Amino acid sequence: MKIPEFIIVVAALLFFNTAPFAQDRYQPTWESLSKYQTPEWFRDAKFGIFIHWGVYSVPAFGNEWYPRNMYQQGSEEYKHHVEKYGPQNKFGYKDFIPMFKAEKFNADEWVALFKKAGAKYVVPVAEHHDGFAMYKTALSKWNAAEMGPHRDIVGELDTAVKKAGLIFGVSSHRIEHWWFMNGGRKLNSDVNDPAYADFYGPAREQNETMSPEYMNDWLLRCTELVNKYQLQLFWFDWWIEQPALEPYRKSFAAYYYNKGLEWNKGVVINNKYALAYPEGTTVLDIERGKLTGIRKLPWQTDDAISYKSWGYIPNDSFKTAKYLINNLIDIVSKNGNLLLNIGPRPDGTIPEEAQQRLLEMGKWLAINGEAIYATRPWKIFGEGPTEVAGGAFSDAKDKPFTADDIRFTTKGDTLYAIMMDIPHEDILIKNLSSASGNKAIESVVLVGSNDKVSWSQTKNGLVIKPHKNYPSDYAVVYRIAFIK
């Protein structure tokens, strides 16, 4: 019986060069993968930067789905494209590639900004749904090292990130390319030109089962990225949950986790739904949303710094620094991390609005970071009147937090109480009352300040008198020690 080619490739990927290691290897089974443990670096990091940058930043219209929507008849992108660039059979998405020059891109400058923002890990998009790789790949000529910028963008960021002492990962949206460009099949466009089949293809329908060749190509691209950059985080979008991909998903996870053992580095797979990877085999990611309570297992929110697009568009609207800082605090209090996205311009510059927000976050974290980094949840995440909208895509539904909203984090025996706005009246923390069952409080310190704190622990709660001057804007942190 002839063994299918993809099984041979998978077997080779899994077991090549693993014999010298005595430690148990992961196998491509859910039982084996269920033994995965989230590494401490991820649990300690709390805050990372996501980067959506690609050819779609050139048209900069609508959002990063422009390459799909420009072939969807009747869409705003379709109309805009025909009016500005001409019909899709004369000027297709591929024709934006020479315009994507990245002439001002400086990886060291980007990473310096991210580090100043307080981020601990960086995750650029290695390949988005459009099929254009932002790194030098042996599997396609359609990549940033051979076209457009003629630079290995991912490779340059990898070098800069590691030089700065941060953790490097990537995201792959390759699997969605199966259907992403299929609108071009239904009209007179360059998607139908055989000369560009290796870029636009397969351009099939979402309800069509992917071919073994396509799924094998996905697996090869993923393992290529792992090996080229020794990634410590690999982020997947939603469509990897397709049933046909299950053996490939398991094979990739086993291969990647074994590489982590080989490197002696903790590695993370982020995915969105349990249909792709069962609970506990990877780290759950929630897009543009968060949880309403503490999750026992570590998790992550991926959120955009702006509202309209993950990639660059000139008329985007940006979230406030207070919103972003409050969001980070709330997520961390519930055992989560925040992966915050920016969308650079095609020339490689980061919009000033995004830079300003990142610097504001960094300023706050420089003072209050001890209540964020390397912390763990308390017995409850917090208290206060404002309820968050749970679940994915809930970022626009959130109500502003007030000074009466409090979030808790812990580090050893220390408890941090974080006011989600600047208090101007007495603070009452009900869950720290003398009748709460918690230990008696020994001290209360305003983080970032040498001013004495006036406080009392009453039967109604811990009462803290307001200060005239607080060391930071947006949120205030108190360090609380209990009598042992």
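Below, the structure is looked at part by part. These numbers were taken from a predicted model, which means no experiment stands behind them. (Residues numbered from 1 in each chain as written. Predicted model: local features only at pLDDT ≥ 70, side-chain atom pairs only at ≥ 80, totals over all residues. Heavy atoms only, no water.)

### Examining the side chain of histidine 177
Selection rule: In this description a helix means any DSSP run of H or I spanning at least four residues, a strand means any run of E spanning at least two, and both kinds are numbered starting from the N terminus. Here a polar contact is taken to be a pair of N or O atoms separated by no more than 3.5 Å, where protein atoms must pair a possible hydrogen donor with a possible acceptor and residues adjacent in sequence count only if both atoms sit in side chains. Contacts are assigned to residue pairs that have any heavy atoms within 4.5 Å of one another.
Among the secondary structure elements, histidine 177 is positioned in helix H8 (residues 177-180). From its side chain, histidine 177 meets the backbone oxygen of phenylalanine 199 in a polar contact 2.8 Å long. The contacts of histidine 177, once residues within four sequence positions are left out, are His129, Asp130, Gly131, Phe199, Tyr200, Gly201, Pro202, Ala203 and Tyr214.

### Notes on the pairing of strand S3 (residues 167-172)
Note the threshold: Any residue under 20% of the maximum accessible area for its type is buried, any over 50% is exposed, and the rest in between are partly exposed; the area is computed with a 1.4 Å probe on protein chains only. For two strands to be treated as a pair, DSSP must find no fewer than two bridges joining them. Looking down the strands as they point away from you, a crossover is right-handed if its path from the first strand over the helix to the second goes clockwise.
Most of S3 sits inside the fold, with 6 of its 6 residues counted as buried. Judged by which residues are buried, S3 turns out to be covered on both faces: Ile167, Gly169 and Ser171 on one side and Phe168, Val170 and Ser172 on the other are all buried. In this structure, strand S2 (residues 121-127) lies alongside S3, joined through 4 bridges in parallel fashion. Bridge pairing in S3 places valine 122 opposite phenylalanine 168. For the crossover that starts at S2, traverses helix H7 (residues 153-163) and ends in the parallel S3, the hand is right-handed.

### Considerations on H7
Burial in H7 covers these residues: Ile153, Val154, Gly155, Leu157, Asp158, Ala160 and Val161. Lining the buried residues of H7 we find strand S1 (47-51), helix H6 (107-116), S2, S3 and helix H10 (212-229). Backbone geometry just after H7 places glycine 165 at a positive phi near 80°.

### Some remarks on the sheet that holds strand S14 (residues 455-457)
For clarity, the threshold we go by: Angles here are taken between N-to-C directions and fall from 0 to 180 degrees, while the axes themselves are lines fitted to C-alpha atoms, restricted in helices to the stretch in contact.
In space, the 3 strands of this open sheet follow the order S12-S15-S14, with antiparallel pairing throughout. Across the chains shown, the open sheet's two edge strands, defined by having one partner strand only, are strand S12 (427-429) and S14. Mean inter-strand twist for the sheet, computed between neighbouring axes without regard to direction, equals 15°.

### Brief notes about empty space enclosed by the protein
A water-sized probe, rolled over the atoms, reveals where empty space remains. Here is the rule we go by: A 1.4 Å probe that fits but cannot get out identifies a cavity on a 1 Å grid over protein atoms alone, an open set with protein on both sides within 12 Å along at least five of seven lines counts as a pocket, and a residue lines either if it has an atom within 4 Å of a point. Grid points are joined across faces, edges and corners, and a volume is the space filled by probe spheres set on the points. Ten residue types, Ala, Val, Leu, Ile, Met, Phe, Trp, Tyr, Cys and Pro, are classed as nonpolar, four, Asp, Glu, Lys and Arg, as charged, and the remainder, Gly among them, as polar.
For the structure shown, the criterion picks out 4 cavities of 30 Å³ or more. If you add up the space inside the largest cavity, you get close to 60 Å³. Taken together, Ile305, Ser306, Gly311, Tyr312, Ile313, Asp316, Phe318, Ile342, Gly343, Pro351 and Ala354 make up the lining of the largest cavity. Class assignment for the residues of the lining of the largest cavity results in 7 nonpolar, 3 polar and 1 charged.

### Some remarks on the packing of H6 against helix H13 (residues 352-368)
What counts is decided by this rule: Angle categories: roughly parallel below 35 degrees, roughly antiparallel above 145, roughly perpendicular from 65 to 115, and oblique for all the rest.
Packing of H6 against H13 brings their axes to within 7 Å, and their N-to-C directions diverge by 40°. Put simply, H6 runs oblique to H13. Where H6 abuts H13, its residues Leu113, Phe114 and Lys116 lie against Gln355, Leu358, Leu359 and Gly362. Class assignment of the residues belonging to the contact of H6 with H13 gives a composition of 4 nonpolar, 2 polar and 1 charged.

### Quick word on unusual backbone geometry
The omega angle of the peptide bond from glycine 201 to proline 202 is 0°, so this bond is cis rather than trans. A positive phi angle, close to 80°, is found at asparagine 335, a residue other than glycine. Inspection of the secondary structure puts asparagine 335 in the loop between helix H12 (321-333) and strand S8 (336-342). Look at tyrosine 474: it is not a glycine, yet its phi comes out positive at around 80°.

### Observations concerning the packing of aromatic side chains
Our working definition: Pairing of aromatic side chains here covers Phe, Tyr and the six-membered ring of Trp, requires ring centres within 6.5 Å, and sorts the geometry by plane angle: under 30 degrees stacked, over 60 edge-to-face, intermediate tilted.
This structure, assessed with the given rule, holds 41 aromatic pairs. Measuring from centroid to centroid gives 5.7 Å for tryptophan 41 and phenylalanine 42, while their planes differ by 85°, and the two rings are edge-to-face. Judged by relative accessible area, which is 0%, phenylalanine 42 ranks as buried. Aromatic side chains phenylalanine 168 and tyrosine 229 sit 6.5 Å apart centroid to centroid with 75° between the ring planes, which places their arrangement in the edge-to-face category.

### Section: the pattern of salt bridges
This is how it is decided: We define a salt bridge as a contact between a side-chain nitrogen of Lys or Arg and a carboxyl oxygen of Asp or Glu at a distance within 4 Å.
This structure, assessed with the given rule, holds 29 salt bridges. Glutamate 76 is the salt-bridge partner of lysine 79, the closest N and O atoms lying 3.5 Å from each other. Note that lysine 79 and glutamate 76 are positioned in helix H5 (residues 76-85) at a spacing of 3 residues, about one turn of the helix. A salt bridge links arginine 221 to aspartate 217; the nearest nitrogen and oxygen atoms lie 2.8 Å apart. You can see arginine 221 and its partner aspartate 217 sitting in helix H10, 4 residues apart, about one turn around the helix. Each member of the pair, arginine 221 together with aspartate 217, is buried.

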